[in-house]
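# Residue-level structure breakdown
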Amino acid sequence: MAYPTKITEFFGEDLFRLLGPKTERQSWHSLSFKEQETRRKNIPVYISTRKLGKNPSFTDILFECFKQLTLLGDKNPLMGIDLPYYESLADAGEQLNMPIMNSALVHTNDLVKNAEKQRDVFLAHIFMDIVFQFQPGLVFPGAGRKDSKGRIFVNDAQHRSLACMILGIDSVPLNYIESDEEYWDVQQYAAININSLQCSEFDRYRIRTQRADTSIEAGYEVDPEDQIAWNMSQVFDQNEILVVEKGDRDVGTNAKVLTGIGNMTKYWKEYGHEIATRAIEINAQLFPTSVFQTANSWGLMEFLKQQTHTNSMELDFEIQRAIKVMLPKDNQGNRLHSMIKTACKDQNEVTTLRWEPVVIAEGIRQIVEEYCEADIEWQSPKWPEPKESYDFFLDLV
Amino acid sequence: MCNDFERVNKLIQEKKDNPFRGLDDATYINESVWREFAKHRNLKRVRVLDLKYKYRWTDEQVERMYAKTEDGWTDATGVYRMFDFGKGENKVCSEDGVDRQFHEPQHDHIVSRSEAKELGWTEKQINDPDNIQYISAIQNLMKNYFNKEQWETVSPTIASLFPVDK
């Protein structure tokens, strides 16, 4: 095994203490999305490494991360998970049938961290974004500084290096300068993390959709998050909804333009494909000349979730027809959610709302109860905490 | 036609009883007026609220204007014509024509703006409900074309130009 001795001595050769009996382990991707979400929430977002001294080794950091996970007891999110194991990046490339980067490698035993200058460890990021989606060709060379004692201070690639170590890989690509001046640690860190352009929610959606397309074309498994982006893109295309970057002045206020893709993705995951698709369709058809209002879709999803009427096509049609009686203009998309929220805030004398989707869903219920002429038994939305529900009434003609 | 008042009055009453149910700014000015309308269902009030925004009236001024505004007017031949107070989708006489002139309420400065200015009135006084009345469009039209002396001179000849069909 290529795990550091300090790790195997405490956690066991096959990480028994961390992952449990080998025969009971299953792969992360075999879990349901819901189970993945539950476990994901249990992964500590952030692990402090400052208590490990001024220059902890990467082995010490990995030990601390594993220790924090095992301390969670029955909430340890890795218990029962079959982590992949690779001897090296080349071995990962072979096993996964993927190309790898052609870079000079350094041994992970030599890696240390300038704890004052580097950020702490974001553990959820390591597992969710790297370990469970591992592709050796994406382990780009990091950046660092080698001092006269032979220690390599990692100023970029802390997380991917730790991810590689978790997967058993003991050599990672890293470019470094040779110096004893800490000055370079700060400079390297700032150049990469402060002066670089961050990825926007729109960019995430755009690239995930494209990656799903190219993965399908190349015969690779599609990443589950990419699949969601791709599924959403199909629904948006069918409804002629244009997803754009926030602040795009050329098209930002045009009909059916969606700038809140980050929120939309969140809602899609929460309510699932079927309900999300229906809510998006209703919203797009109701207000075809409005900027696409994600808040309407959010409230519609929450409302649809509670309905028990078996004919969903009829249900969606009647919701649409009833709302259209009240908001007859195609450009009134903003009105639906804003008037509901205003009524709720005014009548409850609050400036901010909790349970926003439930508030909007309750407003939609009042509208359909008033304006729908079909014989449908509408179900009320459920307040997450009954004691803290809002009472409000829309003024309807 | 202007003698179609019975049908127009009936349509106006029907619209009062069954107003447009949609939230539409052309019909209900804004969301606040819509909410108020949902409570009172009063088209005359919507029309008065139009003046509230125009002249920045207080609630007291709105109430004063509403209280003094009649639901219609009776012409010189004794015909009662309801005011078509609805806006947008609630408007009954939406096409230009003689009937519209007789049923469309228009707000009128009792002492005209120019005369009031000459008298040294402030803008607040000029636009106070005490100096504003709703009259029909036809009355307002006449008022625009004639001054008091001209109207007294010409009006007795108008009926003879259009003898009533017996």
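Residues numbered from 1 in each chain as written. Chains lettered and ligands numbered in written order. Predicted model: local features only at pLDDT ≥ 70, side-chain atom pairs only at ≥ 80, totals over all residues. Heavy atoms only, no water.

Right, let's talk about the overall build of chain A for a bit. Tallying secondary structure elements over chain A gives 16 helices and seven strands in all. Along the first, second and third principal axes, the C-alpha atoms of chain A reach 80 × 50 × 45 Å. The burial tally for chain A puts 49% of its 397 residues in the buried class. Accessible surface for chain A amounts to roughly 19,600 Å². Of this, 49% is attributable to carbon and sulfur atoms. (Helix = DSSP H or I, 4+ residues; strand = E, 2+ residues; numbered from the N terminus. Buried < 20%, exposed > 50% of the residue type's maximum accessible area, 1.4 Å probe, protein only. Areas by Shrake-Rupley, 256 points an atom, 1.4 Å probe, with all protein chains shown as cover.)

Turning our eyes to something else, we now look at the interface of chain B and chain A. Each partner contributes to the interface: chain B provides 15 residues, whereas chain A provides 16 residues. With both sides pooled, the region where chain B packs onto chain A buries about 1,300 Å², and carbon together with sulfur makes up 49% of that total. Looking at the side of chain B facing chain A, the largest losses of area belong to R21(B), L23(B) and E31(B), adding up to 45% of the total buried there. The tally of links between chain B and chain A comes to five salt bridges. R21(B) is paired through a salt bridge with E370(A); the nearest N and O atoms lie 3.1 Å apart. The tally of links between chain B and chain A comes to ten residue pairs in polar contact (both at pLDDT 80 or more). Looking at the side of chain B that touches chain A, the elements that each hand over two or more residues are α2 (25-28) and α3 (31-40) of chain B. Per-class residue counts for the side of chain B that touches chain A are seven nonpolar, one polar and seven charged. (Contact = heavy atoms within 4.5 Å. Buried area = accessible area lost by both parts, 1.4 Å probe. Salt bridge = Lys/Arg side-chain N within 4 Å of Asp/Glu carboxyl O. Polar contact = N/O pair within 3.5 Å; in protein donor to acceptor, adjacent residues only side chain to side chain. Nonpolar A, V, L, I, M, F, W, Y, C, P; charged D, E, K, R; others polar.)

With that out of the way, let us pick up helix α7 (residues 158-166) of chain A. All names here are of chain A. In terms of burial, α7 is largely enclosed, as eight of its nine residues are buried. Listed as buried for α7 are Q158, H159, S161, L162, A163, C164, M165 and I166. Residues of α7 that are buried sit in contact with α4 (58-70), α5 (89-96), β2 (111-112), α6 (123-130), β4 (152-156) and β5 (171-178). Where α7 ends, the next residue or the one after it, G168, has phi of about 95 degrees, a positive value.

The subject of this paragraph is the nonpolar core. All names here are of chain A. The biggest cluster of nonpolar side chains holds 83 residues, and the ones touching the most others in it are F236, I319, I323 and I340. Among the elements that take part in this core, helix α16 (residues 356-371) stands out by supplying eight residues, more than any other. Those residues in contact with I323 that sit more than four places away from it in its chain are L286, F287, L300, L336, I364 and I367. Ranked by size, the runner-up nonpolar core spans 47 residues in total, among them L18, L31, M128 and V139. (Core = buried A, V, L, I, M, F, W, Y, C linked by side-chain atoms within 4.5 Å.)

Residues and elements named next belong to chain B. Here F5 shows up in helix α1 (residues 5-17). On the accessibility criterion, F5 (21% relative accessible area) is partly exposed. For F5, the contacting residues outside a window of four places in its chain are V79, Y80, R81 and H103.

Let us look at the environment of M65(B). Residue and element names in this part refer to chain B. By the secondary structure assignment, M65 is in helix α5 (residues 59-68). Counting along the chain gives 64 residues from M65 to P129, while the straight-line C-alpha distance between them is 5.3 Å. With near-sequence residues (within four places) excluded, M65 lies in contact with V48, W57, P129, I132, Q133 and Y134.

What follows deals with the sheet that holds β2(A). All names here are of chain A. Read from one edge to the other, the open sheet built from five strands follows the order β1-β5-β3-β4-β2, with strand pairing classed as mixed. Pairing within the sheet leaves two strands with one partner each, and these edge strands are β1 (105-107) and β2. Pairing of β2 with β4, which is carried by two bridges, proceeds in the parallel orientation. Bridged to V112 within β4 is F153. Sheet strands in contact with α7 are β2, β3 (142-146), β4 and β5, and its direction is about 115 degrees off that of β4. (Pairing = 2+ DSSP bridges. Axes fitted to C-alpha atoms, helices over the stretch in contact; angles between N-to-C directions.)

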